[in-house]
Structure formats: structure tokens, C-alpha cells
Amino acid sequence: TVVPVCHVLVDVVLTKARACDLKLPHCTVSTPVFMPVGTQGTMKGITVDQLDDLGCQICLGNTYHLGMRPGPELIEKANGLHGFMNWKRNLLTDSGGFQMVSLVELSEVTEEGVKFKSPYDGKEILLSPEQSIAIQNSLGSDIMMQLDDVVSSTVTGPRVEEATWRSIRWLDRCIAANKNPDRQNLFAIIQGGLNAELRKACLDEMTKRDVPGFAIGGLSGGEEKDDFWRMVTLSTDHLPREKPRYLMGVGYAVDLVVCVALGCDMFDCVFPTRTARFGSALVPWGSLTITKKQFAKDLQAIDPDCQCPTCRRHSRAYLHALFKSDTAAMHHITIHNISYQLTLMRSMRQSIIDGRFPDFVRTFMKRMFPSPEQYPGWAVDALGTVNITLN
Amino acid sequence: MLNSNFQKAVSIVAPLALRIIAECPVTKARACDLKLPHCTVSTPVFMPVGTQGTMKGITVDQLDDLGCQICLGNTYHLGMRPGPELIEKANGLHGFMNWKRNLLTDSGGFQMVSLVELSEVTEEGVKFKSPYDGKEILLSPEQSIAIQNSLGSDIMMQLDDVVSSTVTGPRVEEATWRSIRWLDRCIAANKNPDRQNLFAIIQGGLNTELRKACLDEMTKRDVPGFAIGGLSGGEEKDDFWRMVTLSTDHLPREKPRYLMGVGYAVDLVVCVALGCDMFDCVFPTRTARFGSALVPWGSLTITKKQFAKDLQAIDPDCQCPTCRRHSRAYLHALFKSDTAAMHHITIHNISYQLTLMRSMRQSIIDGLFPDFVRTFMKRMFPSPEQYPGWAVDALGTVNITLN
């Protein structure tokens, strides 16, 4: 089988951060990397052209919205999801499971798969591991996610254990169902909730399977940050060095920086695009809400140091005025926010390559928080475990 | 070949020069080069709105890429709030929007009428209750021009006493004469006649005598251009075209004619035949919001089931960014999940409008305009019985028979 070649360029001494070149079918991806969602349900989307112009090398394709409806046969006719979306670089598709859980009335999870009531005709649809992989095979994405038994991180008790072992069995069924192992990479998703023993058991089992990469799942669902980072670092401790680690659903700037330090390579999150919809622009010192009165007469760019198309062309005052009258403003802010995320990752990567990642982290934190007292406790703790002291 | 009237059309001081490139020998259509401070505009021209209230906007970059040479800047939304002092600091509306070509601004009056609770129209101006603090604001001719002077637009519109075309009676007459007096106040208030062009707006509603009187009076003023106003407000099409052609009959040949609020394809074609040069309308962008894409054979609603598996472009002959990249099926799927789809359709619709105008212009220059009209109508309507009666009548008066 052909696996994505993950060349670790630099490991940061004393931390767990790394910078890698991840060679995928459509192009090589520089990590650490943030993966924007190419199209999103109910959000102001950024177009594929704009993603391309921002230098995005991999983005998420939305299996449910674009794949399951209108359906994989049509997508195959359109030369896969790449052809359908007209995106020439890499695509990662989800299993279709999560969206169905969040958007559609859940009927039942059984060993077979996830049963849903179709919103169109009330019929029951079954999304099995085999079906999910068949859909993703038709989509032709570069990275496919296994179908996992998704349980919220705030759930405790036997359900978490059941879901963990079931996800391992479903992983095997996904591996067996993959028709295109030579050109599509199936990633496993580590489960175990916030239970260290369960997660360790899941890691032990899943790493026995020869998959090209691993996602750290079951987190970023509302759990305490103190628990969150412990599960992340436990996971990276037990994942192979030469395979990429994808931390699902993480996208706040502080979280990205800490989790890179803890050894993660790939991230995705709707936050930057969702928050843009409310006029919130991400900046190195936090965020600014463009609809606020204080920006009505401010002729600076959102971030005078930012090189994105929005900051090179438009002032805060213009965006403030535009926001009140035209949803194109959200569009400009979305572009800025994605650019912010991609630039943050690039800066981290470069600092790793240049051997000054710990300094980068310290400078980042200083800029983001008005004083050390305001550094989030969990972040200080987490960074402390990888030898970065924030002072 | 230089038009012998070129010298007459060039004004030494005015920041506008109209050069008539070709006149259709059959109809009243013309193709012109309209020289404005930021660049020359080829007419007939459709002017998109650069930003719009409550609509999916097209960005200035995208307008630029579509080859747009003049667009509308929204005085109320971008000018009155945050205010002209800020805009001046930002190097005018051009600087504020980052638009390098031409801008036409409205007087601020219409938007205030449609968006804000109207208090009162008096000879002074239009009094509005501010939605923010309930205070009364007065928009006078002088104030409107002062704002537009700060905005620095290439074309400014006079403040007119706006009356709906469906209103009849003495109010229409009052508004007509008041608009003439306000035109004079606007002319007097213009601080930058050397770089900003003030257009008059012909009123008179659907009343032939009143409109003729307005034309007679307003054409006595030496303004660089004229808009045909008081129409496109819900009146019968049979009345509409008669007022348009009456207006162009009495407007000077060497000055541009701007028909406000017209944008349906058929209306554009007919009104070009009747002698209009410039148009604006929210229709193409508004209809995009509902998934409606404009095409030479009408329109297609992308959300309809029939397009779910259709891998063609919206219009296989269209060269816009949307049609070159995306299929109907993709846009159909995207529409259900992502408002970016409206964006793609907006770009297509603007491109459609600009392309239609370019084709008309070229046909006029090539001496083929009547054929263009006939071909256009054939493509747009399944059979001659379905040609709109008013359009057949209107075109008949300029010697185009549709058969």
C-alpha cells in the first residue's frame, strides 16, 4: 500500500513539537497545518478560489452536504469531489457520521452502523462503516476518516467503553472496505473519552493496524480544558512518530499552539469561519468585533501587519460600515480569519525549523494576554510538561 | 472615424465628455464613450451597485475582475454613516471602498425614504427621524451635495422630491417643480464642478405635459448629464416606455441619458433602442439571493430538483468565473448548505448584465442592432405570441418589427 509519506523535518528538543512534510496525492502539505472547511453547512463560505489564493494545501470536504446529497454516483461522474468542487489540492473527508448526528434525528447506533431517519421521507438510512467508506471512495478524497461511534466527551460510564471497542471493530471494517488504498489514506480515530486507561487501550489496539495516520478523537466537545490536554498528550505519547497526528475540532489560537507543543500536526475547526459571521476578526492580541462603535472611524486595517487580501485592501471603518448593510463584510472577515489561522501555523512551523519554537510560544502568549496572571492555567500546565515555562 | 460633433461634446471645464461612436440608423440607440475622471466608460452600460443594503454583495475586487467601469456607491450606508468627514479622511469614497474606477452616488434621499420613517417633505428638504436617537435630520439639496462632494464621486445625483409613479394628482406637479428648484440649489452648492458631475433627474411622473415641462426647464440648466426619474416604480409598462421615449426625445443628444432603476434584460434592450445610455437596478443581485441565475433564455432557479445532477455550467456559453469553474449540480448542492452559492450566482448575474450591454454596444457599432434585438427576443421567448405587448409596441415606434 502507498501511505502518505510523513517526513519529520525537525523535532523540537524538549517539547513534542515537530515540523513535517506530509506527501499526499495532490501535493505536499507543510505541517503543523490548519485545515479550513471548504464548504460548511449554514455558514458564510469561503470559495475554493479564495482558499487557493491563501495558499491552503488541504481542506475539508463536506461528505454529508456535498457527498451524500446529491450522492456519490453523481460525484463520481464529476470526477470525484475534487472535480465537483473544482479544488486541485488535497481533500480530507469526514465519515458522514458526525454531521448526521448533529443534523438529523438520531434513531439508533447498533453494531451494524448508525441508523438515521431521513429528513426527506422519514425513511431509515443506515450508515455503516462499509457504506461510509464506499461513499468516500466515490468522493476520491486524499484522506478519509473511519466511521467511529461518536460519544460526547461529557458522557461517562459504560457507553464510553462500548463506543471505544466498537470504533476499533469499525476501523477494521473500514480498512477492509477501502477499495483504493493506493490513493486514498484511511485515518483511524482514537477514542476513549477522558478515561486514561480506555484511551491507552484504544491507542494500543489501533496502532496495531497499519493505517497511514491517526486522528485524536472524542475531545473538543465541551470537556474541561484540564482533561482535554491530558488526553491529547497521552495520545501523542503513544502514536508512532512517523505518522501524522490529526487533532479533530481544535482551532482556537491558544489551543493550536499548546497542542503543537504536545505533538499534533493537523487541525480543523469551524470556529474561525463561524466567528467571522458575527463580525469577530482574529488577531494576535485576541479578537476584535468589527461591529463595535469604536471601529466606525478607524481607518487602519484589522491587523496592520496582516498580508491577507482583506487587510491589504480594506479598513476597519469600511468593514464596520459594510457589515451593517451587506453580508459581503462577513466574507472579508472570513478570509482574514482563515488567513490568520494559516499564518499562525506557518509561523509555528518556521519557528520549529529555526529552532526557536519555545520563544515563539512565549512571545505568542505575551501578545495574546495582557499579563501573565491571565495566562490560562491549563495552558501553563500543559506547556510546563513539555519544558516550556511561561515567564 | 471621428464624429463631427466631437468638438461640441467636449467641455473645457466639465469632468465629463461624451463621444458618440455610433448611432443606430434605424432606432434611437447609440454607442458612446463616456469620459469620466477615473476612466472612460463604454455605453450602453449597466452599473452594478458596489454595496447594497441587506443583500449578498459582490466585492469591489470581483467587480473589477468583471471589467466594470462604473458602479454605484451607496451614499446612505457608506456615506451618511459613518459620515462624510471620515470618508474625506479616507480619500473619498473611492479610497474608502478601494475602488479605482468610476463611482456614481445617489443623493441619499431614496434610501432614506425606503429605510427610515419619513417625517416630512418641505421646500427646505426632506426631514427624517433618525433611527438611532429619534432626532430629526434634514436632508436638504445643499446637504446632499455637501455629502457627495466629500464622497468625491464621479457622478452625483441631485436631490429630487421623490414621488412614486403610481401617485397621481397635485402632489406629482408639486414634486416636479420642487425638483427643478432643488436642481438649481444643487448646482449652486456643488463645490467641485471641475471633477464631479452633477446629473439632473427628470420628473413628471406619467403625465406627458408635466414631464415635457420638466424636460424643457431642466435642459435649460447646463448640467453634464440627465437621469430619467420617477419611473420603474410599479407603473404599467405601457405608460413606462412612453415616458422613456418622450424623455429621450427631449434630452440633448450630446449628453448621457441615465434611466434609473431599470435592469430586466428585456427592459434594457428596449430602452437602449429608445435612446438610453446608462442603467442601474438591484434585480440581478437580489434575484441571485433566491438562487435565480439570469440566462439568455430567461432564468433558471438553481435550487430546483432538476439541477441536482446537471453537470453543465449555468450557461455553457458564459465566460464568467462561476460558469468557467462550477456546475449547476455543484451550485445546487452548495446552495442548500452554504451561502457562498449566492455569491457565485451574483457574480454570474452581474456578468450576464455587463455582457448583455457589451453585446448591444458592439451590435450598434457594427450596424446590426435591430438584428440583435430580434435574435435576443427570439431566444428569450418561446414564441412570438409571448413577446410582451409593450415591448413590441415600443420597438415598433423605433422601426423594429419583431417577426
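Reading the values: the criteria
- Residues numbered from 1 in each chain as written.
- Chains lettered and ligands numbered in written order.
- Predicted model: local features only at pLDDT ≥ 70, side-chain atom pairs only at ≥ 80, totals over all residues.
- Heavy atoms only, no water.
- Helix = DSSP H or I, 4+ residues; strand = E, 2+ residues; numbered from the N terminus.
- Rg over C-alpha atoms; globule rule 2.2 N^0.38 Å.
- Buried < 20%, exposed > 50% of the residue type's maximum accessible area, 1.4 Å probe, protein only.
- Contact = heavy atoms within 4.5 Å.
- Areas by Shrake-Rupley, 256 points an atom, 1.4 Å probe, with all protein chains shown as cover.
- Lys, Arg positive; Asp, Glu negative; His and termini not counted.
- Charge placed at Lys NZ, Arg CZ, Asp CG, Glu CD.
- Pairing = 2+ DSSP bridges.
- Buried area = accessible area lost by both parts, 1.4 Å probe.
- Salt bridge = Lys/Arg side-chain N within 4 Å of Asp/Glu carboxyl O.
- Polar contact = N/O pair within 3.5 Å; in protein donor to acceptor, adjacent residues only side chain to side chain.
- Nonpolar A, V, L, I, M, F, W, Y, C, P; charged D, E, K, R; others polar.
- pLDDT = per-residue confidence, 0-100.
- UniProt positions renumbered as here; feature names shortened; annotations may be inferred.
- Axes fitted to C-alpha atoms, helices over the stretch in contact; angles between N-to-C directions.

This part is about the overall build of chain B. Secondary structure summary: chain B contains 17 helices and 16 strands in total. Its C-alpha atoms give chain B a radius of gyration of 21 Å, near enough to 22 Å, the size a compact globule of 403 residues would have. Once the C-alpha set of chain B is aligned to its principal axes, its extents read approximately 60 × 50 × 45 Å. The proportion of buried residues among the 403 residues of chain B is 60%. Taking the contacts inside chain B whose residues are at least 6 apart along the sequence as the reference set, 66% of them involve residues at least 24 apart. On chain B, roughly 15900 Å² of surface is accessible, and the fraction owed to carbon and sulfur atoms is 51%. Computed over 42 positive and 43 negative side-chain charges, the separation of the two mean positions in chain B equals 5 Å.

Now for the pairing of strand β1 (residues 17-23) of chain B. Regular strands place side chains that alternate from one sheet face to the opposite one. Residues and elements named next belong to chain B. Sheet topology note: the β1/strand β2 (residues 30-35) ladder contains six bridges and is antiparallel. Within β2, the residue paired with Ala-17 across the bridge is Lys-35. Remark: six residues form the turn of the hairpin made by β1 and β2, two consecutive strands paired antiparallel.

Residue-level contacts link 38 residues of chain B with 38 residues of chain A. Each partner contributes to the roughly 3100 Å² buried at the junction of chain B and chain A, and carbon and sulfur atoms together form 58% of this total. Summed over the shared surface of chain B and chain A, the number is two salt bridges. Where chain B touches chain A, the interface holds four residue pairs in polar contact (both at pLDDT 80 or more). Secondary-structure elements contributing two or more residues to the side of chain B that touches chain A are α2 (60-65), α3 (75-80), α4 (84-89), α5 (92-97), α14 (328-337) and α15 (340-365) of chain B. For the side of chain B that touches chain A, the leading source of residues is α14 of chain B, giving six residues. Looking at the side of chain B that touches chain A residue by residue, the classes come out as 15 nonpolar, 15 polar and eight charged.

Right, let's get into the environment of Gly-108 of chain B. Residue and element names in this part refer to chain B. Examined against the element boundaries, Gly-108 turns out to sit in the loop between β6 (102-105) and α6 (109-115). Classification of Gly-108 by relative accessible area gives buried; the value is 0%. Separated by 50 residues in sequence, Gly-108 and Gln-158 place their C-alpha atoms 9.6 Å apart. In this structure Gly-108 touches Thr-75, Met-80 and Leu-139, once residues within four positions along its chain are discounted.

Attention shifts here to helix α7 (residues 141-151) of chain B. Residue and element names in this part refer to chain B. A large share of α7 lies buried, amounting to eight of its eleven residues. Those residues of α7 not exposed but buried are Pro-141, Ser-144, Ile-145, Ile-147, Gln-148, Asn-149, Ser-150 and Leu-151. Within two residues after α7, Gly-152 carries a phi angle of roughly 75°, on the positive side.

This part is about the confidence of the model for chain B. Residues and elements named next belong to chain B. Averaged over all residues, the pLDDT of chain B equals 90, while 91% of them reach at least 70. For the stretch residues 1-12, pLDDT sits under 50, and the model shows eight contacts to residues farther than four places along the chain or on other chains. We note a pTM of 0.81 for the whole complex and an ipTM of 0.71 for its interfaces.

All names here are of chain A. Per the UniProt record, the feature "active site" (unreviewed entry) sits at Asp-94 and Asp-268. Spatial clustering of the annotated residues is evident: they stretch over 175 residues in sequence, but the largest pairwise C-alpha distance comes to 11.2 Å. Following the sequence through the fold, Asp-94 ends up in the loop between β6 (90-93) and α5 (97-103). Among the polar contacts made by the side chain of Asp-268, one reaches the main-chain amide nitrogen of Gly-249 at a distance of 3.0 Å.

A few words now on the UniProt feature "binding site: Zn(2+)" (unreviewed entry) in chain B. Residue and element names in this part refer to chain B. The feature "binding site: Zn(2+)" (unreviewed entry), as annotated in UniProt, sits at Cys-318, Cys-320, Cys-323 and His-348 in this numbering. Annotated residues spanning 31 residues; largest pairwise C-alpha distance 8.4 Å, indicating a single compact cluster. With respect to the helices and strands, Cys-318 occurs in the loop between β16 (298-301) and α13 (321-325). Discounting residues that sit within four places of it in the chain, Cys-318 has contacts with Cys-323, His-348 and Ser-351. Looking at the element boundaries, Cys-323 is found in helix α13.

Residues and elements named next belong to chain B. The feature "active site" (unreviewed entry), as given by UniProt, occupies Asp-106 and Asp-280 in the numbering adopted here. Mapping Asp-106 onto the fold places it in the loop between β6 and α6. Assignment of secondary structure puts Asp-280 in strand β14 (residues 278-280). Residue Asp-280 is classed as buried on the basis of its relative accessible area, which comes to 11%. Leave out the neighbours within four places in its chain, and Asp-280 touches Phe-46, Met-47, Leu-72, Tyr-258, Leu-259, Met-260, Gly-261 and Val-262.

Residue Thr-31 of chain A is joined to Pro-32 of chain A through a cis peptide bond whose omega torsion reads 5°. Tracing the backbone shows Pro-32 of chain A in the loop between β3 (28-31) and β4 (33-35). For the bond from Thr-43 of chain B to Pro-44 of chain B, the omega torsion is 5°, close enough to zero to count as cis. Of note, Pro-44 of chain B is situated in the loop between β3 (40-43) and β4 (45-47). With a phi close to 55°, Ser-220 of chain A is a non-glycine residue in the positive phi region. Tracing the backbone through its elements, the reader meets Ser-220 of chain A in the loop between β12 (213-216) and α9 (225-237). With a phi angle near 65°, Asn-387 of chain A is a residue other than glycine that sits in the positive phi range. Structurally, Asn-387 of chain A is set in the segment after α16 (377-385). By relative accessible area, Asn-387 of chain A is classed as partly exposed at 48%.

Residues and elements named next belong to chain A. Here, the residues flagged by UniProt with the feature "binding site: Zn(2+)" (unreviewed entry) are Cys-306, Cys-308, Cys-311 and His-336. Along the chain, the position of Cys-311 falls in helix α12 (residues 309-313). With a relative accessible area of 9%, Cys-311 lands in the buried category. Among residues more than four places away in sequence, those in contact with Cys-311 are Ala-301, Ile-302, Asp-303, Cys-306 and His-336. Tracing the backbone shows His-336 in helix α14 (residues 328-353). Excluding residues that lie within four positions of it along the chain, His-336 makes contacts with Ala-281, Leu-282, Val-283, Ile-302, Asp-303, Cys-306, Cys-308, Thr-310 and Cys-311.

This part is about the sheet that holds β4 of chain A. All names here are of chain A. Strand order in the open sheet made by the eight strands is β4-β14-β13-β12-β11-β10-β6-β5, with parallel pairing throughout. Two strands close off the open sheet at either side, each with one partner strand: β4 and β5 (58-61). Between one strand and the next, the sheet's axes are offset by a mean angle of 30°, whatever the strand orientation. Sheet analysis places strand β10 (residues 143-145) next to strand β11 (residues 185-190), joined by three bridges and oriented parallel. When the sheet's bridge partners are listed, Ile-143 is paired in β11 with Asn-185. Running over the sheet, helix α8 (residues 196-206) touches β11 and β12 and is turned about 155° from β11.

A few words now on the sheet that holds strand β2 (residues 18-23) of chain A. Residue and element names in this part refer to chain A. Spatial strand order, β1-β2-β3: three strands in an open sheet with antiparallel pairing. For this open sheet the edge positions go to β1 (5-11) and β3, each flanked by a neighbour on one side alone. Averaged over all adjacent pairs, the angle separating strand axes in this sheet is 15°, with direction ignored. Here β1 runs beside β2; their pairing, made up of six bridges, is antiparallel.

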